[in-house]
Amino acid sequence: MSFVAQCIEDSLPIWASCLSTPFLRGVADGSLPEDCFKGYIVDDSLYLREYSKVFAWGIINARDMEDIRAYYSLLAFVNEAEDTTRLHYLRRYQLTDAQIQPLPLRPENRAYVDYMLDAAKNAPGAAECMMACLPCMLSYGWIFGEIIKRSPPSDNSPYLRFISDYAGGQYDAVCRAWTDFADSACQDLSDARRAHCMEIFRACSQHEYNFWQMSARPRTDI
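Reference entry: report on the structure contained in this document.

### Observations concerning the layout of surface pockets
Computed from the structure, the largest pocket encloses a volume of approximately 350 Å³. Lining the largest pocket we find 23 residues, and of these Asp 67, Gly 125, Ala 126, Ala 127 and Ala 185 sit closest to its centre. The set of elements that each furnish at least two residues to the lining of the largest pocket consists of helix H3 (34-61), helix H4 (65-92), helix H7 (126-150) and helix H9 (169-185). Looking at the lining of the largest pocket residue by residue, the class counts come to 12 nonpolar, five polar and six charged.

Written out as C-alpha cells, the structure reads:
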C-alpha cells in the first residue's frame, strides 16, 4: 500500500463523518438553504486564496525544477478549474471577488489555513507540503463520488454543477497525478517524518470536517 493510501485509510473515518454534516446532507438532497451555500462560496473563495499560498511555500522550499513544475501545475488547476464553478455561483448570488476579498475568514477557516501554511512554511521537503494540501483535494473527490453513488442529485438541484465537478473523471485524473507526486515525495522518509506527515494529513482532514460544519451556518456579512 502506498503512503498516501495509508494516510487515506487512516483518515477515512473523518471523511465518512463529513457526509453526515448538515451542509453536505443538504447539498446531496438539494434541501440546503441557498444562504448557507452562498456563505460557503464566500468562505471557499477566501480559503482558496490562502490555499494557493501553500504551493508558494512549496516552490520556495523546492530543491529542483521538477518539484517547482508540479507545484505550478497544482496552482494552475486551483486558479483555473476551481474558479470556473466558483465564479458560476458568485454570479448566481450577484457577488464579485472585489466584494469578497476584504471579508474576514471565519474561525474554522482561519485555523485550517494557518495550519496548512505553517506545515508548508516549515517543511524540510515536498512531503509535508503535499500532506497539508492533499486532504482537501482527495476528500472532495471521495465525498462527492459517494454522494453520486448513494443519492444522485436531481437535474433541478441548485448544487448539481457543484457535485458533478468533483465527481467527474477529469477531477479524478488530476487527483491521481497529485497522489503520484506525493507518493514520490514521501519515498525514503524516516519513521519520524512518516509519522509527522500522517499527522498533518489527519489534522487537515479534521479541519475539512470543521469547515463543513461551519458551512451549515450562513454568513451574516454578505
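### Here's the deal with unusual backbone geometry
Positioned with a positive phi, Gln 94 is a non-glycine residue whose angle comes to about 55°. Since its relative accessible area comes to 69%, Gln 94 is described here as exposed.

### Overview of the pattern of salt bridges
This model, assessed by the stated rule, comprises 14 salt bridges. Notably, a salt bridge pairs Arg 219 with Asp 43, separated by 2.5 Å at the nearest N-O pair. Linking Arg 219 in the segment after helix H10 (191-215) with Asp 43 in helix H3, this pair joins segments that are 176 residues apart in sequence. In this pair, the class of Arg 219 matches that of Asp 43, namely buried. Lys 149 is paired through a salt bridge with Glu 146; the nearest N and O atoms lie 2.8 Å apart. Placement of the pair is Lys 149 and Glu 146 together in helix H7, with a separation of three residues, close to one helical turn.

### Focus on the packing of helix H1 (residues 3-18) against H10
One way to put it is that H1 packs onto H10 with a least axis distance of 9 Å and a crossing angle of 20°. When the interaxial angle is binned, H1 and H10 end up roughly parallel. Taken as a pair, H1 and H10 cross one another with a handedness that is right-handed. For the pair formed by H1 and H10, the contact residues are Phe 3, Gln 6, Cys 7, Ile 8, Asp 10, Ser 11, Ile 14, Trp 15, Ser 17 and Cys 18 on the first element and Arg 194, Cys 197, Met 198, Phe 201, Arg 202, Ser 205, Gln 206, Tyr 209 and Trp 212 on the second. Taken together, the residues that form the contact of H1 with H10 break down as 11 nonpolar, five polar and three charged.

### Section: the packing of H3 against H10
Contact pair H3 / H10: the axes reach a minimum separation of 9 Å and the direction vectors enclose 140°. Relative to H10, H3 is oriented oblique. On H10, the residues that touch Cys 36, Tyr 40, Asp 43, Asp 44 and Tyr 47 of H3 are Glu 208, Phe 211, Trp 212, Met 214 and Ser 215. Its residues placed into classes, the contact of H3 with H10 shows six nonpolar, one polar and three charged.

### Here's the deal with the environment of Asp 67
Here Asp 67 shows up in helix H4. Taking the C-alpha atoms as reference, Asp 67 lies 34 Å from Met 214; in sequence the two are 147 residues apart. Leave out the neighbours within four places in its chain, and Asp 67 touches Ala 62, Ala 126 and Phe 181.

### Regarding the environment of Phe 211
Counting through the fold element by element, Phe 211 comes out in helix H10. Separated by 147 residues in the primary sequence, Phe 211 and Asp 64 have C-alpha atoms spaced 34 Å apart. Not counting the four nearest positions on each side in its chain, Phe 211 is found in contact with Tyr 40, Asp 43, Asp 44, Tyr 47, Asn 109 and Tyr 112.

About the criteria used
- Along each chain, residues carry numbers from 1 onward, in the same order as the chain's sequence is written.
- Reporting in this predicted model follows two pLDDT cut-offs: at least 70 for local features of residues, and 80 or more for side-chain atom pairs to be given and counted; totals over whole chains, interfaces and linings ignore these cut-offs and use all residues.
- In computing side-chain properties, one takes all heavy atoms of the structure into account and sets aside hydrogens as well as water.
- Both site types are read off a 1 Å grid over the protein atoms alone. A 1.4 Å probe that fits but cannot get out defines a cavity, while an open set with protein on both sides within 12 Å along at least five of seven lines defines a pocket; lining residues have an atom within 4 Å of a point.
- Grid points are joined across faces, edges and corners, and a volume is the space filled by probe spheres set on the points.
- Secondary structure elements follow DSSP: runs of H or I of four or more residues count as helices, runs of E of two or more count as strands, with numbering from the N terminus.
- Residue type decides the class: Asp, Glu, Lys and Arg count as charged, Ala, Val, Leu, Ile, Met, Phe, Trp, Tyr, Cys and Pro as nonpolar, and the leftover types, Gly among them, as polar.
- Classification of residues uses two cut-offs on accessible area relative to the type maximum, computed with a 1.4 Å probe and protein chains only: under 20% is buried, over 50% is exposed, and between them is partly exposed.
- For salt bridges, the criterion is a side-chain nitrogen of Lys or Arg within 4 Å of an Asp or Glu carboxyl oxygen.
- A fitted line through C-alpha atoms serves as each axis, taken over the contacting stretch for helices, and the angle formed by two N-to-C directions is quoted from 0 to 180°.
- Oblique is the label for any angle not under 35 degrees, not over 145, and not in the 65 to 115 range, which are roughly parallel, roughly antiparallel and roughly perpendicular in turn.
- The hand of a helix crossing depends on one turn: near helix anticlockwise from the far one by less than a right angle means left-handed, and clockwise means right-handed.
- Only heavy atoms matter for contacts: two residues are in contact if any of them lie within 4.5 Å across the pair.

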